[in-house]
Amino acid sequence: AQSVSQHNHHVILSEAASLELGCNYSYGGTVNLFWYVQYPGQHLQLLLKYFSGDPLVKGIKGFEAEFIKSKFSFNLRKPSVQWSDTAEYFCAVNEGSGGYQKVTFGTGTKLQVIP
Amino acid sequence: DVKVTQSSRYLVKRTGEKVFLECVQDMDHENMFWYRQDPGLGLRLIYFSYDVKMKEKGDIPEGYSVSREKKERFSLILESASTNQTSMYLCASRRAGTGSEKLFFGSGTQLSVL
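Residues numbered from 1 in each chain as written. Chains lettered and ligands numbered in written order. Predicted model: local features only at pLDDT ≥ 70, side-chain atom pairs only at ≥ 80, totals over all residues. Heavy atoms only, no water.

Brief notes about the overall build of chain A
Condition: Secondary structure elements are defined from DSSP: runs of H or I of at least 4 residues count as helices, runs of E of at least 2 residues count as strands, and each element is numbered from the N terminus. This radius of gyration counts C-alpha atoms alone. The globule rule is 2.2 Å times how many residues there are, raised to the power 0.38. A 1.4 Å probe rolled over the protein chains alone gives each residue an accessible area, and that area as a share of the maximum for its type sets the label: buried under 20%, exposed over 50%, partly exposed in between. Contacts are assigned to residue pairs that have any heavy atoms within 4.5 Å of one another. Residue burial considers only the protein chains on display, and all accessible areas are found by Shrake-Rupley using a 1.4 Å probe.
Secondary structure assignment for chain A yields zero helices and 12 strands. Tracing chain A from N to C terminus, the helices and strands come up as β-β-β-β-β-β-β-β-β-β-β-β. The C-alpha atoms of chain A give a radius of gyration of 14 Å, which matches the 13 Å a tight globule of 115 residues would have. For chain A, the spread of C-alpha atoms along the principal axes amounts to about 45 × 30 × 20 Å. Taken over 115 residues, chain A has a buried fraction of 48%. Of the contacts made within chain A by residues no fewer than 6 positions apart, 54% connect residues no fewer than 24 positions apart. Surface accessibility of chain A: about 5,400 Å² in total, with carbon and sulfur atoms responsible for 54%.

This is the structure in structure tokens:
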């Protein structure tokens, strides 16, 4: 079965600092990879996704992620964080094919940005 | 705007009660999911359904069952609630396809079992 590891459970940064959140997955087949974000009091929403092509994907609010197949990684980055990026970030992987496809999430990383 | 609606935002039940959590989506999505979210554990998949009347166990199905009689509705059932089922329950749906489709989430139901 698929597993998704997020190495950082809680990250505290000052505004304008750079961000990188790690994500590793175990599935050896074709993968679709996602980062979701949950702002305080809000629904989970999609930040970005990778399904094929360019391994560097760009998402909303200046976030990007790089898929490195050889390392089974999909790390999230942002060059300069803002206070409004304070949220919990979840890496997720889709496995399976056809009708049987499930989405497995990591344990999440809480990001706190200090003004 | 797309919508996934969970019937209750907060629910308090007693140990041993049968509990129904309802989820309705208005997007004609084939796939629906139930997760529980616990601090430090992220989202863990309980059950999912890839079409009407179809259901598959997720990673933590023990103590739960599901029902999907209509495409828009996916119900999670706790046959006999226990205190370790106190959690935030999230429903999600998505269109069937290649697996790259995004999930749409409901607001969640915070269940407390006393």
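Digging into the overall build of chain B
How we decide: A residue counts as positive if it is Lys or Arg and as negative if it is Asp or Glu; His and the chain ends are not included. The atoms used to mark charge sites are NZ of Lys, CZ of Arg, CG of Asp and CD of Glu.
Tallying secondary structure elements over chain B gives zero helices and 12 strands in all. Seen in sequence order, chain B has helices and strands lined up from the N terminus as β-β-β-β-β-β-β-β-β-β-β-β. Computed over its C-alpha atoms, the radius of gyration of chain B comes to 13 Å, within 12% of the 13 Å expected for a compact globule of 114 residues. Taking the principal axes of its C-alpha atoms as reference, chain B extends roughly 40 × 30 × 25 Å. For chain B, with 114 residues in total, the buried portion stands at 49%. Nonlocal contacts in chain B, meaning residues at least 24 apart in sequence, comprise 55% of its contacts between residues at least 6 apart. Just so you have it, chain B exposes about 5,300 Å², and 50% of that area is on carbon and sulfur atoms. Put simply, chain B has 17 plus and 15 minus side-chain charges, and the middle of one group is 3 Å from the middle of the other.

Some thoughts on the nonpolar core
Short version of the rule: For this analysis, a nonpolar core means a set of buried residues of the types Ala, Val, Leu, Ile, Met, Phe, Trp, Tyr and Cys, connected via side-chain atoms within 4.5 Å.
The biggest cluster of nonpolar side chains holds 28 residues, and the ones touching the most others in it are Leu 33, Trp 35, Leu 47, Leu 48, Phe 74, Leu 76 and Tyr 89 of chain A. When contributions to this core are tallied by element, the ones reaching two or more residues are strand 2 (10-14), strand 3 (19-21), strand 5 (32-38), strand 6 (44-50), strand 8 (64-68), strand 9 (73-78), strand 10 (87-97) and strand 12 (109-114) of chain A. The dominant element in this core, judged by the number of residues it contributes, is strand 10 of chain A, at four residues. Residues in contact with Phe 74 of chain A, not counting those within four places in the same chain, are Cys 23, Leu 33, Phe 34, Trp 35, Leu 48, Lys 49, Tyr 50, Val 57, Ala 65, Glu 66 and Phe 67 of chain A. Counting 21 residues, the second largest nonpolar core, distinct from the first, contains Leu 11, Val 19, Tyr 64 and Ala 81 of chain B.

Things to note about the state of the cysteines
Residues and elements named next belong to chain A. So the rule is basically this: When the sulfur atoms of two cysteines come within 2.5 Å, that pair is taken as a disulfide.
With the rule as written, the count across this model stands at two disulfides over all chains. Between Cys 23 and Cys 91 runs a disulfide, and the two sulfur atoms are separated by 1.9 Å. Judged by the sign of its S-S torsion, about -65 degrees, the bond between Cys 23 and Cys 91 is left-handed. With a gap of 68 residues between them, Cys 23 in the loop between strand 3 and strand 4 (24-25) and Cys 91 in strand 10 connect regions that are remote in the sequence.

Here we look at the pattern of salt bridges
Under the convention used in this document: Salt bridge, as used here, is a side-chain nitrogen of Lys or Arg placed within 4 Å of a carboxyl oxygen of Asp or Glu.
If you walk through the whole model with that rule in mind, you get 12 salt bridges over all chains. Across the salt bridge formed by Lys 18 of chain B and Glu 79 of chain B, the nearest N and O atoms sit 3.5 Å from each other. Of this pair, Lys 18 of chain B sits in the loop between strand 2 (10-13) and strand 3 (19-21) while Glu 79 of chain B sits in the loop between strand 9 (73-78) and strand 10 (87-94), and the two are 61 residues apart along the sequence. For Lys 18 of chain B, a relative accessible area of 44% puts it in the partly exposed group. Since its relative accessible area comes to 43%, Glu 79 of chain B is described here as partly exposed. A salt bridge links Arg 36 of chain B to Asp 38 of chain B; its shortest N-O distance comes to 2.8 Å. Side by side, Arg 36 of chain B and Asp 38 of chain B carry an identical accessibility label, which is buried. Three or more residues are tied together by salt bridges with common partners; here these are Lys 58, Glu 64, Glu 66 and Arg 77 of chain A.

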